[in-house]
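# Descriptive analysis of the structure
One letter stands for each residue in the lines below.
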Amino acid sequence: MIKLKNVSKYYYSKGMISSGISKVNLEFNIGEFVVITGESGSGKTTLLNVISGLDSYEEGEMYINGVETSHYIESDFEEYRKKYIGNIFQDYNLINSYTVYQNIELVLMIKGCSREEISKRVPEIIEKVGLTSHAKSKVSKLSGGQKQRVAIARALAKDTDIIVADEPTGNLDSVSAAGIIALLSEIAKDKLVIVVTHNYEQFMMHATRTIKMHDGKIAEDKTFKTPQPTAGTSAELEAVSSKDDISAGDKVRLGVRNTFNILPKFLLLLVVLLFVVFGVTSQYTTLQHQQAEESKLGYNDYFYNYSEDRIVLKKVDGSSFGEDDYVAMKNAANVKSVVLDDMMLDNNLYIEDGDFSYEAYPSVIGDFNGKLAAGRMPEKENEAILTSYKDEYYFNDETISKIINKTYYIWIGEEKQLAVTIVGCAYKQDTGDYDAMMYSGSLYVTDELMAIMREEIYNYNSVITVTMNGKEEEYIPGNVYYRVVPNSKVKEGEVLGFEEIDNFYGESGAKGKSLTIAAENIFFKESVKLKVTDTYTERNFKAKTGVSDFEEHGGTLYVNQKDYDTLFKKNNYQATVYVEDVKMIDDTMSALEKMGYTTLPLKDTLISYSDGLGSIIRVPMAVILTFAIFFIAYFVIRLILRSRSAYFSILRMLGMAKKNIRRVLDIEMLVIVNLAYAIFLAFILFVKNGWIRVDYIINLIQYMGVTDYIVLYVVILIMAYLISGKFARHLFKKTAMNTFREGDR
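Figured I'd write up the structure that's included with this text.

Counting residues in each nonpolar core, the largest one holds 93 residues, and the members touching the most others are Leu-254 and Ile-637. With residues up to four places along the chain from it excluded, the contact list for Leu-254 reads Tyr-98, Leu-106, Met-109, Ile-246, Tyr-647, Met-656 and Val-664. In terms of nonpolar packing, the next biggest core, distinct from the first, is built from 58 residues, Leu-496, Ile-501, Tyr-505 and Ile-517 among them.

Before going further, it helps to spend a moment on the sheet that holds strand 6 (residues 85-88). One key point about sheets: their strands pair by backbone hydrogen bonds, in either a parallel or an antiparallel sense. With mixed pairing, 6 strands are arranged side by side in an open sheet as 6-7-8-3-9-10. Here the strands that pair on one side only, and so sit at the sheet edges, are strand 6 and strand 10 (217-223). Here the strands of the sheet are splayed against their neighbours by 15 degrees on average, with no regard to which way each runs. Of the pairings in the sheet, the one linking strand 6 to strand 7 (residues 162-166) comprises 4 bridges and is parallel in character.

Overall, antiparallel pairing links the 4 strands, which are arranged 13-28-12-29 in an open sheet. Of all the strands in the sheet, just strand 13 (335-339) and strand 29 (597-601) have a single pairing partner and so form its edges. Mean inter-strand twist for the sheet, computed between neighbouring axes without regard to direction, equals 25 degrees. The sheet contact formed by strand 13 and strand 28 (residues 575-579) spans 4 bridges and is antiparallel. Residue Val-339 lies in a different strand from strand 28, and its bridge partner there is Thr-576.

Another aspect to go through is the pattern of salt bridges. Inspection of every chain in the model, using the stated rule, returns 29 salt bridges. Residue Lys-315 pairs with Asp-325 through a salt bridge whose shortest N-O separation is 3.2 Å. In this pair, Lys-315 sits in strand 12 (residues 310-315) while Asp-325 sits in helix 9 (residues 323-330), placing the two residues 10 residues apart along the sequence. Like Lys-315, the residue Asp-325 is buried in the burial classification. Members of the salt-bridge network, linked through shared partners, are Glu-105, Arg-115, Asp-250, Arg-253 and Arg-257.

Moving on, we get to a nonpolar patch on the surface. On the surface, Val-706, Ile-710, Val-714, Ile-718, Tyr-721 and Leu-722 cluster together into a nonpolar patch covering about 570 Å² of accessible area. Mapped onto the elements, Ile-710 comes out in helix 21 (residues 706-731).

As a further point, take unusual backbone geometry. Although it is not a glycine, Asn-469 adopts a positive phi angle of roughly 55 degrees. Note on placement: Asn-469 falls in the loop between strand 21 (463-468) and strand 22 (471-474). Here the phi dihedral of Tyr-482 falls at roughly 70 degrees; this positive angle occurs in a residue that is not glycine. Taking the relative accessible area as the measure of exposure, Tyr-482 reaches 9% and is therefore buried.

What follows is about the environment of Lys-513. Relative to the helices and strands, Lys-513 is located in the loop between strand 24 (494-498) and strand 25 (514-520). Residue Lys-513 is classed as partly exposed on the basis of its relative accessible area, which comes to 28%. In sequence terms Lys-513 and Val-532 are 19 residues apart; their C-alpha atoms lie 5.5 Å from each other. The residues touching Lys-513, leaving out its near neighbours within four places in the chain, are Tyr-505, Ser-508, Leu-530, Lys-531 and Val-532.

Once that is clear, we can look at the pairing of strand 12. The buried fraction of strand 12 is high, at 5 of 6 residues. Pairing of strand 12 with strand 28, which is carried by 4 bridges, proceeds in the antiparallel orientation. Considered in strand 28, the bridge of Val-312 is made with Thr-576. As defined by bridge partners, strand 12 adjoins strand 29 across 5 bridges and the pair is classed as antiparallel. For Lys-314, the partnering residue across the bridge sits in strand 29 and is Thr-598.

Tallied over the entire structure, the rule returns 29 aromatic pairs. When the ring of Tyr-458 is compared with that of Phe-523, the centres are 6.2 Å apart and the planes differ by 70 degrees; the resulting orientation is edge-to-face. Separated by 65 residues along the polypeptide, Tyr-458 in helix 12 (residues 447-460) and Phe-523 in the loop between strand 25 and strand 26 (525-536) bring together distant segments of the chain. Looking at Tyr-458, the relative accessible area reads 2%, which means it is buried. Of the residues examined, Phe-523 reaches a relative accessible area of 13% and is grouped as buried.

This part covers the packing of helix 19 (residues 658-688) against helix 21. In contact at an axis separation of 9 Å, helix 19 and helix 21 are set at 150 degrees when each is read in the N-to-C sense. By the angle between their axes, helix 19 is roughly antiparallel relative to helix 21. As helix 19 runs across helix 21, the sense of the crossing is right-handed. Of the residues assigned to the contact of helix 19 with helix 21, the class counts are 20 nonpolar, 3 polar and 4 charged.

Okay, the packing of helix 5 (residues 144-158) against helix 6 (residues 174-187) next. Look at helix 5 against helix 6: their axes get within 11 Å of each other, and the N-to-C directions meet at 10 degrees. The angle between helix 5 and helix 6 places the two elements in the roughly parallel class. Each of Gln-148, Arg-149, Ile-152 and Leu-156 in helix 5 lies in contact with helix 6, whose residues at this interface are Gly-179, Ile-180, Leu-183 and Ile-187. Across the contact of helix 5 with helix 6, the residue classes tally to 5 nonpolar, 2 polar and 1 charged.

Quick notes on the rules
- Residues numbered from 1 in each chain as written.
- Predicted model: local features only at pLDDT ≥ 70, side-chain atom pairs only at ≥ 80, totals over all residues.
- Heavy atoms only, no water.
- Core = buried A, V, L, I, M, F, W, Y, C linked by side-chain atoms within 4.5 Å.
- Buried < 20%, exposed > 50% of the residue type's maximum accessible area, 1.4 Å probe, protein only.
- Contact = heavy atoms within 4.5 Å.
- Pairing = 2+ DSSP bridges.
- Helix = DSSP H or I, 4+ residues; strand = E, 2+ residues; numbered from the N terminus.
- Axes fitted to C-alpha atoms, helices over the stretch in contact; angles between N-to-C directions.
- Salt bridge = Lys/Arg side-chain N within 4 Å of Asp/Glu carboxyl O.
- Patch = residues over 30% accessible without salt bridge, like charges linked within 9 Å, V, L, I, M, F, W, Y side chains within 5 Å.
- Areas by Shrake-Rupley, 256 points an atom, 1.4 Å probe, with all protein chains shown as cover.
- Phe/Tyr/Trp six-rings, centres within 6.5 Å; stacked < 30°, edge-to-face > 60°.
- Parallel < 35°, antiparallel > 145°, perpendicular 65-115°, else oblique.
- Left-handed = near helix turned anticlockwise from the far one by under 90°.
- Nonpolar A, V, L, I, M, F, W, Y, C, P; charged D, E, K, R; others polar.

These values are about where atoms sit, not about what they do.
Right, here's the structure in full:
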């Protein structure tokens, strides 16, 4: 039973207040066929909307089974409509993109009916209203009378105790109207049917009660027949049960169905979400690209060749590298190349001949995998190949013809000078990286020559300590005193020193005494004990050493080559690995560490030229632009979804709960997001495989790893969820009827 006591409804528009109904007092019972009449604007439809819970009321009280509803919130009215109200609207309020079957199926899904029950009941209801042949037809293709029958069928499918109909025959011809009225009369035998109409004559033969309205008030209320509900029908409404609710599977079905049933809407949403995916990706990868490029703009006082793909290795146990290590490192995943003579990468050579001087970094012939532009491969110990970038000032087609077969002198450190004959020249691959091209050339030498160079590099990078008669003196780089140099005139186990060392041994002098030379660096510590056979002065320097320039060499300790080799002729204690993919460098380092090596990625050793202001500005800007993308997408999506407000309002009118409508909307957005992301991934795959060439995209995706794609996906999902939630909040700000009116405009 429904009872209205002094119920009033007001409308507010642009500061104006108008009355819909005023001080209405009515009571309705099961079994009544109530016809409400009155002129336009008399409040008929407003009364019907208040009774059916589609509109709120401001004054008075409406009772359902004696329970007050003035405290009801929207969710209470949604449950009320779902359980007890079947609406038949003047404009049908059907979902035009659905078929007849789907419109009727919808109310059963909202009630939580099983798939079996739905498949059984829907055909029966369609047959009852005479539309079996149109079950699979879209509602938009039906005539007015057929649509009204669908609306009645939908109300019947809800199987509620109350059916309210607003002008159910207003758009029908007389024959169709008669059929609708007869059907409603039949329904009214065990339900409460309330009809609003301008044409009372059509209903007068079936009505049990008439109510006439004028200016929002009840002008007349006549009862012609006392309700006699069919046996077994309760005159009281059942208590609302929260168990009847749409299933999770049906929410998914509705969400997926709604994604595709209106093609223009689907395509527009897809385009917008593709914009979001590509926009956020662009912001993220651009930031990564800028930070990566900025990280290259630095310097290192020790490592001169600090390519971002270089990892410097040492063995955990401190031992030297051998052939087995080379093979193991070479076979590691993501390793492009291995350089055992690592220190040579950070010690440039100067190839000189008269006025010609060229800077190059040494490597062994085995590392050369290019193609000779001129000349031949080395065959003798002192032969080499010189490589550089084409069209470099000293290295081009014209100059290399003059370089071939010429002997040059190269300096190792500050002391050693070697003669090298260039027998071949080759061009390096142009990477397009101007900074990389500034590293000048590479000199590929024989293993024997590389061993000599390595020995000199160890000498140059070692701390030399000479202990004489218990006192230690240290060689200072750049100074001549206590520098150790091999000399063919000195026998093994002996040392030829300068006369000042006599001072350490008193009046007897140094001759015949012993001293110890120790060399220490970050890799090893070695020493030899030698006998001082003689000392030299400026007068006898050339005679005893064979060297003419006393000023440059006057403080040197000369030793035999074998003793020199004992100090400095060592294997490689440090190696370099170059990786294929810099983004996977951490995984490569982990693998190498498990193999027993300590790792140092040179990209992490740079002292940046930047003061950090760039990152401080860029990161907030990236965040701001990402938020801008979000709000742009939201406003566009909101405009698109606004055209769907009528659809979601119909769901509310049918009693679907706010939380369930939100889930359906979420699923719809989720489906489109996944489609957009799948298209994005397919596009990336096409670009990576070279099927589509977009240089900008190629440059950006190199900074994207698996984790980044996952994070991006999560970010897009969150953005879609927030957009969905923001629209849902807008959707539920007003009553179902007000939202419907807005969406219908």
